[in-house]
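Remarks on the overall topology
Okay, here's what each chain looks like letter by letter:
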Amino acid sequence: QVQLVESGGGLVQAGGSLRLSCAASGIATSINAMRWFRQAPGKQRELVAEISRSGSTNYADSVKGRFTISRDNSKSTVYLQMSSLKPEETAVYYCNADIILLDNTPRDSWGRGTQVAVSS
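We now turn to the structure provided with this report. (Residues numbered from 1 in each chain as written. Predicted model: local features only at pLDDT ≥ 70, side-chain atom pairs only at ≥ 80, totals over all residues. Heavy atoms only, no water.)

1. Details of the overall build of the chain
Secondary structure summary: the chain contains zero helices and eleven strands in total. Sequence-ordered secondary structure for the chain, helices as α and strands as β, is β-β-β-β-β-β-β-β-β-β-β. A compact globule built from 120 residues should have a C-alpha radius of gyration of about 14 Å, and the chain, at 14 Å, falls within 12% of that. In the chain, which comprises 120 residues, the share counted as buried stands at 40%. (Helix = DSSP H or I, 4+ residues; strand = E, 2+ residues; numbered from the N terminus. Rg over C-alpha atoms; globule rule 2.2 N^0.38 Å. Buried < 20%, exposed > 50% of the residue type's maximum accessible area, 1.4 Å probe, protein only.)

2. Examining the state of the cysteines
Disulfide: a covalent bond formed between the sulfur atoms of two cysteine residues. Applying the stated criterion across every chain yields a total of one disulfide. Here C22 connects covalently by a disulfide to C95, the sulfurs 2.1 Å from one another. Handedness of the C22-C95 disulfide follows from its S-S torsion of about -80°: it is left-handed. One end of the pair, C22, is in strand β3 (residues 18-25); the other, C95, is in strand β9 (residues 91-100), with 73 residues separating them in the sequence. (Disulfide = S-S within 2.5 Å.)

3. Description of the packing of aromatic side chains
Counted according to the given criterion, the structure contains one aromatic pair. Aromatic side chains F37 and W110 sit 4.9 Å apart centroid to centroid with 50° between the ring planes, which places their arrangement in the tilted category. One end of the pair, F37, is in strand β4 (residues 30-39); the other, W110, is in strand β10 (residues 106-110), and 73 residues separate them in sequence. The residue whose ring lies beneath R19 is Y79, and the NZ or CZ to ring-centre distance is 4.1 Å. Sitting above the plane of the Y94 ring, R45 keeps its charged end 3.8 Å from the centroid. (Phe/Tyr/Trp six-rings, centres within 6.5 Å; stacked < 30°, edge-to-face > 60°. Lys NZ or Arg CZ within 6 Å of the ring centre and 35° of its normal.)

4. Quick notes on the environment of A60
Relative to the assigned elements, A60 resides in the loop between β6 (57-59) and β7 (67-72). By relative accessible area, which is 17% here, A60 ends up buried. The spatial distance from the C-alpha of A60 to the C-alpha of L80 is 13 Å, given a sequence separation of 20 residues. When residues no more than four places from it in sequence are discounted, the contact partners of A60 are L47 and V48. (Contact = heavy atoms within 4.5 Å.)

5. As for the pattern of salt bridges
Taken as a whole and judged by the stated rule, the model has six salt bridges. Where E50 meets R35, a salt bridge forms, and the shortest distance between an N and an O atom there is 3.2 Å. Of this pair, E50 sits in strand β5 (residues 46-51) while R35 sits in strand β4, and the two are 15 residues apart along the sequence. For D61, the salt bridge identified is with K64, shortest N-O distance 3.0 Å. Overall, D61 belongs to the exposed group, its relative accessible area being 65%. Salt bridges linked by common partners bring R38, E46, R66 and E89 together as one network. (Salt bridge = Lys/Arg side-chain N within 4 Å of Asp/Glu carboxyl O.)

This is the structure in structure tokens:
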């Protein structure tokens, strides 16, 4: 079984920066695309950024130029560097990954989330 554990959330002032990390623990055949989602109170969960195993990236329009997603395949870890944060980006940030288990079963895995609060 593979688990995703996020870290790095916290309270930051508007305009500040935070770096989120998500580490996958356990044994898998492979970890393919990895993503960051966020869910603000009363709103639907939305995709923030994603990165393929080879490093190709996609971003929500709202974060382009301010957020950077990266990964270290040797550590099974994905990162989200966030800068110029805005109060409306206060949310729980979730890590998601497409995982192929040892029996070649695909698994859509989620972390439990990390809270990011941006004060005005």
